[in-house]
Each structure stands twice: as structure tokens, then as C-alpha cells.
Amino acid sequence: MRELHSLSELVDLLAEKVVDACADGLSWAYSSFSRLLDVESDLENLRRRVDRIHACLKGAEETRFSEDGNARLWLSELKDIAFDAEDLLDEFQTRVKLSKLQASVAAAGDGSRSLKRKRPWHSLSVNPVWLWKISRKIVQISRNYNSIVEDWRNLHHREGESRRAEVREERLPPVAGSLQGEPLIDAIDDKKEEIVQLLISGGKDGLAVVSIVGAGGMGKTTLARLVFGDERIEHFFDLRIWVGVSKGFDVTETTKEIIGARTKERCDLPSLDLLQRRLQELVIGRKFLLVLDGVWNEEQYYWDTLRVPLIAGVKGSMVLITTRSELVSRNMRTLPLIRLNGLEEEHCWLLFRDMAFEPGACDRHWNLVEIGREIVKKCQGSPLAAKSIGSLLYNKTDEEEWRSVLSDLQDPDDDANRILRTLKVSYDHLPLHLKECFAFCSTFPNGYEFDRDELVKLWIAVGLVKPREVRSLESIGGRYFDYLLWRSFFQISSSNPQLKLKYKMPGLIHELAQSVSEHECLRFEKNAVYGESKNARYVVSCLQNMEPVTFQKTFGNKSLRAFIWLPENGVPTKQVPHDLFLNLKCLRALDLRQNELVVLPGSVGNLIHLRLLNLYGTQIEKLPESVSNLYNLQVLELGECSKLLELPKGMSNLVNLRHLGLHLDWDKHRNRCTDLISMPPGIGQLTSLRTLSRFSVSAESGCGLGQLKDLDLQGELCISKLENVVMNVKDAEDANLKNKKYLDFLMLRWSDNTCSNSQTRSEEQVIENLRPHTNIRSLWIDNYNGTSFPNWLRDRSLSNLETLRLFNCRRCGVLPLVGQLPQLRNLYLEGLPEVRHMGRVVLGNGNTTGFPLLEMLSIANMRNLESWYEVIEGDMACLKKLVISDCPKINELPHLPHSLEYFEIRNCHKLLSLPVPPFLQELVIKGGNPKLI
């Protein structure tokens, strides 16, 4: 144990303290030395004990020993001991490392004052009082462990009575997570066709409702999604809205969800009346399809109230619901309901076969086919069960293993929980680490949309992702998720290519997760509490306020590892209870996202175990300096904190920080007046950093672009306040962007102000030195004051660039020749007043086509633009959407690509005529010359 072996160095530190001390000081040092040696031995024994506990837990899961009621209680107590021991070991390791770091800072003397780390850990250093407390904790944990060893011996002799479940290392198919759905699609195609016809023809007399009714796991959501994405539906309805309706949703919550799904923004309107008025505005005059997936509310009032603003839609508007309850269908007075009673056995077999066998392998294993067909009978027509059990057996050819799964499945019956029991078999065969990750997800409410990366970070923070060889924890955790997705424990909830994928647990899967995690996971909702609070390790609150009475039990659980505040539609609270940080000292993940929080107490710095702190979307302007105490912090999420001005000066102490999220939606915030004043000095020392969404340049020492030099960043990077580089242009080259191959989004942003001619020349040099790696996929240049764009922008080596935005580049008179970029799909040009002619798409003799893959072109606020691109045959062959707005001098558009489907013209007063491409589907004209047709 590396940290323990370094104790001798700490003993030397203790000795240094008494060089000038009296005899009492020498006695104190000797006592400390002895105590350190004892603690080292005790902690090493404790670590070995924790390893044995984990081995015991793994063995109990694999032998199904944990299914015995008494054994399950005993294993829960044993796991509690492991948690306590891990917290103690983590505290010790943290203090040892901090003491070493403190010593190294002290040894640095008066070196570079600007980069010298601040020393905030005086209260966390190793000292005799603390060592005495550690010893007492070790003794208590050992007593607790010994007190249940005898119980284990009494139970363990029954292990032979349980059959060992075959649990292998998880293996994914060639395309992880891409579930083959053709058999399922074929099986429900007739139902899909019936629904499509009802939707197209059934709403002529006003708002009508079609319902899909069936038990959990029967494919209701899948069927609804197939209908929602049908090409005929897309063309028939002006507007399509999909909303997942969680259990317990009332009219107000459902209305907010519909508004949010339509606007892509959170709705915070305070009253139902205002909500209904807003929803009415969104649907009035539109023929819409609204899908309500998973409706539970059986009150007549629910639908009678919900439908009031919806009737503002034009005739033909429809609502499609999925539900387990026929009463819901009757209350909503639906058209003849579509009942899903399960797949026919042959369709169910085909779905199972495609999950269990690689293509062509089925014919080589006829012995397994016979067993597989018996398994399918026990799936009772549930596509979810067929996929889950089929993926469990993927690429396994041991006949005994197949028979073992068959024997675990119960015979078909009419019990309402029959499918849930089948899914439990799939869970039972998961490896222990995946069972723990799966159970953790039950902390979140049913219907919650998971972000894969966010969930993996939470798993890592609470210690559920196990290190392996040289792979990063993020990579390992991502593989965990992909395997659970493959096994149908998650499903894709949104497939919009413009948005990041989100995932949900199917309702029946969420019920399964709750049933296996009630001792560790606790969730507060408006009308219910799920789980047991006494020894819960993970807590999610969906409540609007942190009332002391409500959270009394939570605050009393001092061993809590994760606290997630997940209020529906945000929280008005501006501060968190002080007790939160005083009591929950073992927290490893603290998530306070999306609320009105303006102040974070300085006591947050006492959470020395903390790995993840999420303040996304809060109103915080400044973090307390004590955040620099959080030595173990790996994730600090401050995305969409639009009022944030300052980060702690001592952040260079956070040597374990891997993700510093500072993302802003620049479409909303690019005109904002404020930005981070500066990055903290010495952030370049955080060499573990992988995500740094934003870097605000400052002229202060240790805060310049050169700090980026050795950071191996990935994902998104916005560099703002680039005007501060003018005094040291070489800093731009030192940023080393050309070698950051894992960045895919780069924004180069200057503040919105004027500059002198000398500054213009400097900016041209700066941007030339900020050449990105060729892997960059999206580039945004904003408020650039140079007179020409960088040479590298016209370079074909940017072969992966898909999106380019040039905004407010006020002095550039010539557009860069980007028509030759082979992957460019989206081009946005706005606020370029010096550009008069857009010119040729590409230079040459006409043998090269320009913009070969461009799909979207937006031209806006170019007040002196007279003519657009000189398009020749073959150019822009894939262009589907063209928007030209606020270009008052443009007078003609002689050639438009034939592929154009959407064309929008706004406030172009000199434009008198338009060519009409043959495949144009929608033409929007607003403002401009009234003679324009």
C-alpha cells in the first residue's frame, strides 16, 4: 500500500517539528512515531479485511446465497462494515498525501510566488490527536466485523445448498448497444399500421386519443416510437411532441413536460393557468401529434384539465398514449384501444435468437436452439424479457449454462409480476460490479433520462467502477453502461441526431432495480419515500425544498456517499442547509444542479472524500476558497452557471481533478457582458484534467494560454478573452492546440469591443498560432477583429470539420475558402459587415465541386452583402436548409441547389425574385420587399 509505505517520510516531518523544541517536544514526536507505526500495521490489516469482504460478497452473489432472507440481512451488515472501512482508509490516504504535498510546498520556499500553491490543508495534516481517533475507529470496525463472523460461519455451511450462477466477464457484440430490432418491428408491424391509419384519419371531429394498452415489458413504448418516426406521420403533422409521463405526474407536471419538450427549455411558470396559456400559444393553429408515454394517472380530472389548452390545435390533431391501465384509456375517451398481449411465440423466438446468437451461429448449435425455444415459452410474449434473456446468453455455447437459465425461469402463469420475475433471472446472472451499478440507478425516479457520461462519473465517484490495467476509469465505466444497455436494462429515449443521446430504464426494469436496492438507495418524491433511510448510501430528493423535518433522517445518516438534489422544474432555494456539510462528511458525490443556489457554504471544504460536485445551472457567482481543500475531487461541474465570475485561486491544489465543466450555451450567452474574470493561477499543473470546457485568458502571471500546453484535453474547449494575449503572442503557440487530438469542439472568442490597428495585427498573429488539430469537428470564431481569416482555415487538412461558425468578425472583407472541406455539413455566417460578395465556392477550373456534404447554410446580419455564392452545377448538392436574414443589400439569388427543401428569407429588402428549387417543401418569407413573391 503505497500511501502506508510513505509513512516514514511523515515521521521525518514530525521530527523536523522538534528540532528547536524542548524535551516535551521530543517526547511528543516519539509518541507520534510509535502511533504511526501501529496505525500502519492496523490499516494494512484493515485493507486485507476489506478485500476479504468483497470476495465474500462476490461469492455470495454468484452462489445465489444472497437470496436467503437471513443471509441477505447479514450480507447487508457486512457491506456496511466494508463501506465504513473504505471511508477510514480513504481518509487516512488523503491526509497522508496532503501532508506530503504540504511538505513539498513548504520546501519550495519562496520560489515562483505566482505559481506557488496555496496551502489550505493545515486542519487536515497528520497529528497525534487525529491518529488516536483513527486507532479508535479501527478498533470499532474490527469489533463490528468480529461480532458477525460467527454468524457467517453458521450460515456459510449452507452454501452448498445453493447453485452457483455462471457469471463470466461481460462481452459485448461487435456494435455495443445497437439492439437488433427487426423481428420485433416485423412482429408489431400490423399494430403500427393500424395506429398510423387511426392517427391520420381519426381526428376530424376535434382532438382525439389513441391508446396502446398492455402489461409492462410488452413493447408499448417501442410501438409508439415506430409510429412517431413513421414518414407518413412526419408529413401529416406540423408538430410532433414526445413526453415521458412518470408515475405520480399531475396535470401541472405533465403540462410543464409538454412545454419543455416543445421549446427544448425548462418551464418555470408558477401556476397552472399560466402553463395552460403558454401551451395553448404553442399549439394554436398547428396540427400536432402528442405522445404521452407511460400514463398512470387514472383520475378523470387529469385528462379533462390537461386537454383544455390542447383543443386549440387545428382539426386532425391527435394524442397517442401508452399505459398499463384500461381505466386510463376509458377516462381519456380514446378511439378503439390497441391492446398488446405479447408477441406470438415465433416472433419472440426470432427476437431471442438475434440476441443470443451471432449471425449464422444458430445453425451450428441445434442443441441450444431446442433449449432456447423452451426459454422463449417462459418469456410469455414479452419482447423485453426475450431481449434481456437472449443477451444474457449471447455467444455462450455451454449447454449446461443454457439449461441452468431455463431452470431459473418459472413456468408461465397469470401473475401480474411474471415478467418481472423473468427479468430478475437476467439480473441474477450479472457480475457483482454491474449489479451494483444497476442498483444505484434505482435512486433516480422512474422515467428519468440518463446522460451516459454523467452516470459513469457518478459511478466512479461513489467507487462502483473498478480500476483495471491502464484503461481510464471513464472508459471502464462506459463499458459497464454499454453492457447494461445491450442487456436491455436501458433503452435509448431520444434519437434526435441534433441532441446528445439520452437513456431511460424501461418501467419494469426500474421496478426491478428498486426491488434489489431498497437497503442502499433512498428517494424522496412529493407523495412517497422509496427505500430504507437507516443505512442508505445513496439519496435522491425530488422535493422542492430542503425542509429540516423531511431531511432529518437523511442528515442523521453520516455514512451517506451520494446526495443528489433532483427537483422537478428547479428549486427556488438560494442556499443549502448548513447541516448538509456538517453531518454528511463521507459524501463522495454531491449534486445540487438546476436551482437558484447563489451561495455555497465554506464548510463544503470539509468533505474530504468528495469526488464529484455538480452545481450545473445554478446562480452562483463565486465558489468559496475552501473548495481548494477538496483534494480528492475529480469532477467539478459548473456548466450553465451564467453568473459565475471567479473560481477559487487555489484550484491548482486539486491534483486529482479530471473534469472541470464550464460549458455555456453560447447561442444564448454569446452577447452576455460578463465572463470569468480569469482562470485560477497554475491550472496547467492539473495534468490529470481531461475536460476543461472554457478557458478565460488573463494577463496575470500563471493565467495565460500557456497553461494549456501540457493538458491532454478532450471534448469541448472555449477560449475567451483572447484580446488579453496581445502582450505575449507566443502564449497562443504555447497553448499547443495543434496537438490536442481529442478535442472535437473549439471556440475562439474575443470580447465584444473595438480595438486599435496594432491590436488587429496582434489578433491575426494570435489566431494563426491557434491552429487546431485536424480531428476538430466543430469550430466557432466570435468577435475576431483581424482583417483576414487564418491560413489554416482554408486548409483541406481540417478534413473532419463538420460545423463552422463565423460570428461578428467585423473587419474581414473576404470569406475563407472553406468550400473544399470534405465533411463540412453546417455553415453559419453572421455579423460580417465588410463582406460584399461571397464569391466562388472553390477556386480552380470547375473540376472540383464545392461544399460536397453541406446541409445547412445560415447567412445573417451582413448589411453590405450584395451577392451570395457563385454556385455552379454540382456545388452544394446536399444542401437542404438555407436561411438568409437581415441582409438589406442582397439583390439576387441566381442559382439555388436543386436539393433545397427549406428556404427562409427575412428582411432582405432589395430581393425582388426567387428561384424555386424543384424539391422545396417549405418557404418562409418575413419582412423585406412586398413585391417578393
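Please read all numbers here as calculations on a predicted model, not as lab measurements. (Residues numbered from 1 in each chain as written. Predicted model: local features only at pLDDT ≥ 70, side-chain atom pairs only at ≥ 80, totals over all residues. Heavy atoms only, no water.)

*Asks:* When you look at the overall build of the protein in this model, what are you seeing that I'm missing?
*Replies:* Of the regular secondary structure elements, the protein holds 27 helices and 26 strands. The buried share among the 933 residues of the protein stands at 54%. Contacts spanning at least 24 positions in sequence make up 65% of the contacts within the protein whose residues lie at least 6 apart. As displayed, the protein has an accessible area near 40,700 Å², and 47% of this comes from carbon and sulfur atoms. (Helix = DSSP H or I, 4+ residues; strand = E, 2+ residues; numbered from the N terminus. Buried < 20%, exposed > 50% of the residue type's maximum accessible area, 1.4 Å probe, protein only. Contact = heavy atoms within 4.5 Å. Areas by Shrake-Rupley, 256 points an atom, 1.4 Å probe, with all protein chains shown as cover.)

*Asks:* Just to check I follow, could you spell out the sheet that holds strand β17 (residues 694-696) for this structure?
*Replies:* Within a sheet, neighbouring strands are paired by backbone hydrogen bonds and run either parallel or antiparallel to one another. The parallel open sheet is built from 10 strands, whose spatial order is β17-β18-β19-β20-β21-β22-β23-β24-β25-β26. Two strands in the sheet have a free side with no partner beyond their single neighbour: β17 and β26 (922-926). Adjacent strand axes in the sheet meet at a mean angle of 5°, parallel and antiparallel pairs treated alike. Sheet topology note: the strand β24 (residues 881-885)/strand β25 (residues 902-906) ladder contains 5 bridges and is parallel. (Pairing = 2+ DSSP bridges. Axes fitted to C-alpha atoms, helices over the stretch in contact; angles between N-to-C directions.)

*Asks:* Would you mind going over a negative patch on the surface with me for this structure?
*Replies:* The grouping of Asp189, Asp190, Glu194 and Glu344 at the surface amounts to a negative patch. Its place among the elements puts Glu344 in the loop between β5 (338-340) and α14 (345-356). Overall, Glu344 belongs to the exposed group, its relative accessible area being 56%. (Patch = residues over 30% accessible without salt bridge, like charges linked within 9 Å, V, L, I, M, F, W, Y side chains within 5 Å. Salt bridge = Lys/Arg side-chain N within 4 Å of Asp/Glu carboxyl O. Lys, Arg positive; Asp, Glu negative; His and termini not counted. Charge placed at Lys NZ, Arg CZ, Asp CG, Glu CD.)

*Asks:* Quick question: what am I supposed to make of empty space enclosed by the protein here?
*Replies:* Over the atoms, a rolled probe matching the size of one water molecule traces out where space is still vacant. Tallying each qualifying case throughout the model produces 3 cavities of 30 Å³ or more. When the residues that make up the lining of the largest cavity are grouped by side-chain class, the tally is 5 nonpolar, 1 polar and 2 charged. (1 Å grid on protein atoms, 1.4 Å probe; cavity = no way out; pocket = protein on both sides within 12 Å on 5 of 7 lines; lining within 4 Å. Points joined across faces, edges and corners; volume = space filled by probe spheres on them. Nonpolar A, V, L, I, M, F, W, Y, C, P; charged D, E, K, R; others polar.)

*Asks:* What's the story with the sheet that holds strand β4 (residues 318-323) in this structure? I'm lost.
*Replies:* Read across the open sheet, the 5 strands follow the order β2-β3-β4-β1-β5; overall the sheet is parallel. Two strands lie at the open edges of the sheet, namely β2 (239-244) and β5, each paired on one side alone. Sheet twist, expressed as the average angle between the axes of neighbouring strands with direction ignored, equals 15°. Here strand β1 (residues 208-214) pairs with β4 via 6 bridges, running parallel. Paired with Val209 across the strands is Val319, a residue of β4. Where helix α7 (residues 189-201) meets the sheet, it contacts β1, β3 (288-295), β4 and β5, and its direction lies at approximately 160° from that of β5.

*Asks:* Is there a simple way to think about the confidence of the model for the protein in this case?
*Replies:* Detailed reading of the predicted coordinates is not advisable wherever pLDDT is low. Across the protein, pLDDT averages 82, with 83% of residues at or above 70. Scored below 50 in pLDDT, residues 175-181 shows 12 contacts in the model against residues more than four places distant or in partner chains. (pLDDT = per-residue confidence, 0-100.)

*Asks:* How should I be thinking about the state of the cysteines in this particular structure?
*Replies:* Note: disulfide means a covalent bond formed between the sulfur atoms of two cysteine side chains. Applying the stated criterion to the full structure yields 0 disulfides. Cys521 takes part in no disulfide bond, and the closest cysteine sulfur, belonging to Cys441, lies 8.8 Å away. (Disulfide = S-S within 2.5 Å.)

*Asks:* Help me understand helix α19 (residues 432-440), please; the structure alone is not making it clear to me.
*Replies:* In an α-helix, one turn spans 3.6 residues, which is why side chains three or four residues apart end up on the same side. The buried count for α19 comes to 9 of 9 residues, which makes it a mostly enclosed element. Where α19 is concerned, the buried positions are Leu432, His433, Leu434, Lys435, Glu436, Cys437, Phe438, Ala439 and Phe440.

*Asks:* Can you walk me through the environment of Glu298 in this structure?
*Replies:* Among the secondary structure elements, Glu298 is positioned in the loop between β3 and α12 (300-306). When the C-alpha atoms of Glu298 and Ser325 are compared, they prove to be 7.9 Å apart, with 27 residues separating the residues in sequence. The residues contacting Glu298, other than those within four sequence positions of it, are Ser325, Leu327, Val328 and Asn331. Within the structure, Glu298 has its side chain in polar contact with the side chain of Ser325 (distance 2.6 Å). (Polar contact = N/O pair within 3.5 Å; in protein donor to acceptor, adjacent residues only side chain to side chain.)

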